[in-house]
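Structural description and commentary
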Amino acid sequence: MATQPIITVNNLVKRYADFTAVKDISFEVYEGEIFGLLGPNGAGKTTTLEIIETLRDKTSGSITVDGFSIDTQANQIKKRIGVQLQAAGYYPGLNLIELMELFAGLYGNRIKPIEMLEKVALTDKAKAKYKDLSGGQKQRFSIATTLINNPRIIFLDEPTTGLDPQARRNLWELIRQIRAAGTTVVLTTHYMDEAEELCDRVAFIDGGHVIGINTPDTFIDQLVATGFERKKTVKQANLEDVFINLTGKEWRE
Amino acid sequence: MNTSSYSNIRATLAITKASLRSIFRNPSGLVFSLLFPLIFIVVFANIGSGGVTVDVGVAKGCDTLNPIYKALQNAKVVNLIRNQNADQMEKNLSKGSIDAILNVKKNGGNWTVYPPLSALPKARYNVQVKYTAASADKGGILKSLLNSIFFKIGEKTGAFSSIATIKETTIKGREYKYIDFILPGQLGFSLLNIGVFGTAFVFLSLRQTLVIRRFFATPVKRYSIVAGEMLARVTFAMLGSIIIIAVGHYAFGFTLVHGAVTVLSMLFLAFVGLVIFMGFGFIISGIAKNETTVPPLSNIITLPQFLLSGTFFSTSAFPKWLQPISNALPLTHLNNAMRKVAFEGVAITEVGHELLILLAWGIVIYAVAIKTFKWE
C-alpha cells in the first residue's frame with residue numbers, strides 16, 4: 001500500500017450557530033487506499049466529508065486534496081473528485097443515459113454514457129428513470145456518476161445503507177474494482193463488518209473528534225490484547241452467511 | 001481527470017437540454033402553459049366571432065364618403081346606426097345600448113387645385129368618437145379598430161397619393177375579431193404560467209431533492225445553473241408562443257399586420273414578459289417551504305393578473321376603483337403591448353411606455369429575488 005497522503009485534514013473545526021459539529025479533526029488519507037470514516041449518527045462524519053468535498057464551508061483548519069488547498073483551489077478539487085451524497089436526488093424526468101449526458105456536461109468530460117453504465121452493470125436500465133431503480137441500482141448509478149470525470153478520489157457517504165446482503169456484497173465488489181483501477185476511496189458506513197471487509201484503514205469519529213485511526217486488524221488485535229472476549233462463542237458462520245447460502249449470491253434487482 | 005479547458009457554456013447547455021427534456025415530460029406543466037391557453041383561444045374565438053358587435057351611432061353631418069367610414073362599414077364587428085336623432089343617440093349612449101357615436105369631418109378638402117403636398121393639412125379627416133363608460137369594452141374594440149384603420153391608410157398613402165387613391169385603397173375591412181383580443185391575453189397567460197410555476201417548482205425541487213448539491217460537487221458555476229434553467233424556459237416559451245400564434249393565425253384568423261415582423265415583435269415582448277415572470281418564480285422558490293406551498297404562492301401572483309390584466313376582457317371594462325390595480329400589474333402592460341403590436345401594427349419602439357413599466361417591474365422583482373433566492 002502506498003503511504004503517500006492524497007488528502008490531509010489538519011485541525012478541522014465546523015461550528016454552527018448552536019453547536020459544534022466537528023471539533024479539531026486531523027487525519028490523512030493515503031493514495032490508493034479505501035479509507036473508512038466510522039461513527040454513530042451525528043458524530044460529524046457527513047459534515048467532515050462535505051467540507052472535504054467543497055460543499056460546505058469550514059470554520060477553521062486546513063485541508064489539501066491531491067495537492068490543492070480547499071480554500072483557494074476548490075474548483076481544481078471538484079475536477080479531481082467524485083462525490084456520492086447520502087440521499088441526493090437526480091434531475092427529474094430524465095433516464096439514466098440522459099442523466100449521464102447531463103453530468104458529462106457539468107464535468108466537461110466527453111464520455112459514452114452507456115460505457116459508464118456498463119461499469120456498474122446498469123446497461124439494461126439505460127432507459128429507466130432514477131426513481132424507478134431499486135436501492136442497490138440507485139447506489140450503483142450514483143457511483144457511476146462519480147466516475148465520469150475519471151477522478152483521483154471518490155467519496156461515498158453510506159453507500160450500502162438499506163441494501164440487501166446480495167446488493168451490499170456486489171457494491172463491495174464494485175468499490176474494490178474502482179480502487180484496483182487506481183482511485184482512492186473514502187467512505188462512511190454504520191456497518192462494522194463492511195468496514196472490516198472493505199477498508200484498508202478506518203478512523204473512528206465520535207462527538208466531533210477523531211478517537212482512533214488504524215487498520216481494522218490492528219484495532220481488533222488491540223482490543224483482544226486487552227483481554228476482551230465476545231460474550232457468545234464465535235461460530236464458523238453467522239446469520240448473513242446463512243442468508244447468502246440460502247438465497248444465493250446473484251443480484252436480485 | 002480532465003486536462004482540457006472547462007467550458008461553462010457546455011455546462012449551461014447541458015442543463016438547458018436536461019431541463020427541456022424534463023419540461024416536455026411534465027404533463028401538468030404542458031397543460032397549463034400550452035393546452036389551457038389553446039383551449040381558451042378555441043372556446044373564446046368561437047364565441048367571440050359570432051357574438052360581439054359594436055353599435056356605433058353615426059352623427060348627423062358625418063362625412064360618409066371617407067375611407068375611414070367605409071372601413072367601418074366593411075368591418076363585420078361594427079354595426080353603424082343612422083336612424084336615430086342626436087338626442088336619442090346621446091340617451092342610448094349613456095345607457096350603453098349604443099357603444100359609441102362617430103363623426104368624421106373632412107379637413108381642407110375644398111381645394112380646387114391640388115396644393116403642394118406640404119400645404120395639405122396633416123390630418124385629412126377629423127374623426128370625433130364619443131365613447132361611453134356604459135360599454136367600455138366595446139368602445140375599446142372600436143378604438144383599436146380605428147387605430148388600425150388609421151395605420152393602414154397612413155401606410156398605403158405614400159407621398160404622391162391623392163384622395164382618389166385613398167378611395168381605391170380603402171381597406172377591405174380588417175375585422176377586429178375577438179381572437180385579436182383573446183390571443184395576446186392567452187399568450188400572456190401562458191408566459192405567466194411558464195415563468196412563475198415552472199421556475200418556482202424547478203428550483204425548489206432541485207434544492208429539496210439535493211440535485212443542486214450534487215451539481216455543486218461538479219465544477220459547474222452557479223450562474224450556469226440559473227442561466228441553463230432560464231434558457232430552457234425561454235426556448236420552451238418561444239416554441240409555445242409560436243404554436244399559439246400559428247394556431248390563432250391559421251385556424252382563427254388572428255391578425256398579424258406585418259406578418260413575420262409582427263411575430264418577431266411579439267416574440268420579443270414574450271421574452272421580456274417571461275424574464276419578469278421568471279423573477280416571480282425565483283422569489284417563490286426562495287420563500288416556499290416545500291412543494292405544497294408553491295401552488296398557493298404562485299396563484300397569489302398569477303390569478304390576480306389572470307383576472308385583472310385584460311386576459312379575457314378589456315381592462316377599461318372594469319370599475320374605476322379597480323383600474324389603478326390592473327394598471328399596476330405587469331401582465332396588463334404586456335397584454336397592451338402585444339395587442340398594439342399585433343393588431344394595430346405599431347413598431348416595437350412605439351410600445352416604449354409599456355416596456356418601460358415592464359423594465360421597472362423587472363428591476364424590482366430581481367432585486368427581491370436576489371435577496372430571497374436560496375441555493376440550499
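Residues numbered from 1 in each chain as written. Chains lettered and ligands numbered in written order. Predicted model: local features only at pLDDT ≥ 70, side-chain atom pairs only at ≥ 80, totals over all residues.

Below, the discussion takes up the overall build of chain A. Helix and strand content of chain A: nine helices and ten strands. For 253 residues, the compact-globule formula gives about 18 Å, and the C-alpha radius of gyration of chain A, at 19 Å, lands near that figure. When the backbone C-alpha atoms are referred to their principal axes, chain A occupies close to 55 × 55 × 40 Å. Here chain A holds 253 residues, and 42% of them are scored as buried. (Helix = DSSP H or I, 4+ residues; strand = E, 2+ residues; numbered from the N terminus. Rg over C-alpha atoms; globule rule 2.2 N^0.38 Å. Buried ≥ 20, exposed ≤ 12 C-beta atoms within 10 Å, placed from the backbone.)

Turning our attention to the sheet that holds strand β2 (residues 20-30) of chain A. Residues and elements named next belong to chain A. Read across the open sheet, the four strands follow the order β2-β1-β4-β5; overall the sheet is antiparallel. The open sheet has two edge strands with one neighbour each: β2 and β5 (68-69). Sheet topology note: the strand β1 (residues 5-15)/β2 ladder contains seven bridges and is antiparallel. From the neighbouring strand, Ile 7 faces β2, where its bridge partner is Val 29. (Pairing = 2+ DSSP bridges.)

Residue and element names in this part refer to chain B. The domains assigned to chain B are domain 1 (8-47 + 178-372) and domain 2 (53-168). Residue-level contacts link eight residues of domain 1 with eight residues of domain 2. Within the side of domain 1 that touches domain 2, the residues separate by chemical class into three nonpolar, three polar and two charged. (Domains from an automatic or database assignment. Contact = placed C-beta atoms within 7 Å. Nonpolar A, V, L, I, M, F, W, Y, C, P; charged D, E, K, R; others polar.)

To continue, consider the interface of chain B and chain A. Every contact between the two is made by 25 residues of chain B and, on the other side, 28 residues of chain A. Here the element with the most residues in the side of chain B that touches chain A is helix α1 (residues 8-24) of chain B; it accounts for seven residues. Partitioning the side of chain B that touches chain A into residue classes produces 13 nonpolar, seven polar and five charged.

Here we come to the pairing of strand β8 (residues 184-189) of chain A. All names here are of chain A. For β8, the tally of buried residues reaches six of six residues, placing the bulk of the element in the interior. Both faces of β8 are covered, namely the face carrying Thr 184, Val 186 and Thr 188 and the face carrying Val 185, Leu 187 and Thr 189. For strand β3 (residues 34-38) and β8, the ladder comprises five bridges, and the chain directions are parallel. Among the inter-strand pairings, Ile 34 is bridged to a residue of β8, identified as Val 185. As judged from the five bridges shared by strand β7 (residues 153-157) and β8, these two strands associate in the parallel manner. Each residue of the ladder has a partner; that of Ile 153, found in β8, is Thr 184. Tracing the backbone out of β7, into helix α6 (residues 165-180) and back to the parallel element β8 gives a crossover that is right-handed. (Right-handed = clockwise from strand over helix to strand, strands pointing away.)

Our next topic: α6(A). All names here are of chain A. Taking 1.5 Å of rise per residue, 16 residues should cover 22 Å, and α6 covers 22 Å from first to last C-alpha, within 8% of that figure. The set of residues buried in α6 consists of Ala 167, Arg 168, Asn 170, Leu 171, Ile 175 and Ile 178. Seen from one end, α6 has its buried residues packed into an arc of 165 degrees, which puts them on one side. Seen from the open side of α6, the exposed residues pointing more than 90 degrees away from its buried face are Glu 173, Gln 177 and Ala 180. Buried-residue contacts for α6 involve β3, α5 (135-146), β7, β8 and α7 (192-198). (Expected span 1.5 Å × (residues − 1). Arc of directions from axis to C-beta.)

This part covers the packing of helix α10 (residues 260-287) of chain B against helix α14 (residues 352-372) of chain B. All names here are of chain B. In the contact formed by α10 and α14, the axes pass within 9 Å of each other and the chain directions differ by 25 degrees. Taken together, the axes of α10 and α14 lie roughly parallel to each other. Considering how the two elements wind past one another, α10 and α14 form a crossing that is left-handed. Of the residues in α14, those touching α10 at Val 272, Gly 273, Val 275, Ile 276, Gly 279, Phe 280, Phe 282, Ile 283, Gly 286 and Ile 287 are Leu 355, Leu 358, Trp 361, Gly 362, Ile 365, Tyr 366, Val 368, Ala 369 and Thr 372. A class-by-class count of the residues in the contact of α10 with α14 yields 14 nonpolar, five polar and no charged. (Axes fitted to C-alpha atoms, helices over the stretch in contact; angles between N-to-C directions. Parallel < 35°, antiparallel > 145°, perpendicular 65-115°, else oblique. Left-handed = near helix turned anticlockwise from the far one by under 90°.)

Moving on: the environment of Tyr250(B). When you line up the elements, Tyr250(B) lands in helix α9 (residues 222-252). Between the C-alpha atom of Tyr250(B) and that of Asn193(B), which follows or precedes it by 57 residues, the distance is 24 Å.

So, on to the UniProt feature "transmembrane region" (unreviewed entry) in chain B. Cross-referencing UniProt, the feature "transmembrane region" (unreviewed entry) maps to residues 29-47, 187-206, 231-252, 264-288, 300-322 and 355-373 of chain B in the present numbering. From the first C-alpha to the last, residues 264-288 of chain B spans 35 Å; its make-up is 96% helix and 0% strand. (UniProt positions renumbered as here; feature names shortened; annotations may be inferred.)

We now examine the nonpolar core. What tends to happen in soluble globular proteins is that the nonpolar side chains get buried as a cluster. Formed by 135 residues in total, the largest nonpolar core has its most connected members in Leu99(A), Val185(A) and Ala200(B). At 18 residues, the largest contribution of residues to this core is made by helix α7 (residues 178-208) of chain B. The residues touching Leu99(A), leaving out its near neighbours within four places in the chain, are Tyr90(A), Tyr91(A), Leu94(A) and Tyr130(A). Counting 23 residues, the second largest nonpolar core, distinct from the first, contains Val54(B), Val58(B), Ala75(B) and Ile149(B). (Core = buried A, V, L, I, M, F, W, Y, C linked by C-beta atoms within 7 Å.)

Attention now goes to the sheet that holds strand β3 (residues 100-106) of chain B. In sheet architecture, strand pairing relies on hydrogen bonds along the backbone and comes in two forms, parallel and antiparallel. All names here are of chain B. Here four strands make up an open sheet; going across it, the order is β2-β1-β3-β4 and the pairing mixed. Across the chains shown, the open sheet's two edge strands, defined by having one partner strand only, are β2 (78-81) and β4 (125-131). Strand after strand, the sheet turns through a mean of 30 degrees between neighbouring axes, direction not considered. Note that strand β1 (residues 54-58) and β2 share four bridges and pair parallel. Paired with Val 56 across the two strands is Leu 80, which belongs to β2.

What follows covers the UniProt feature "domain: ABC transporter" (unreviewed entry) in chain A. Within this numbering scheme, the UniProt entry marks residues 7-232 of chain A as carrying the feature "domain: ABC transporter" (unreviewed entry). Segment residues 7-232 of chain A splits into 35% helix and 27% strand. End C-alpha atoms: 39 Å apart.

Most peptide bonds are trans, and most residues other than glycine sit at a negative phi. Residues and elements named next belong to chain A. If you check the backbone angles, Asn 11 has positive phi at about 50 degrees while not being a glycine. Tracing the backbone through its elements, the reader meets Asn 11 in strand β1. Residue classification places Asn 11 among the partly exposed positions, given that 13 C-beta atoms sit within 10 Å.

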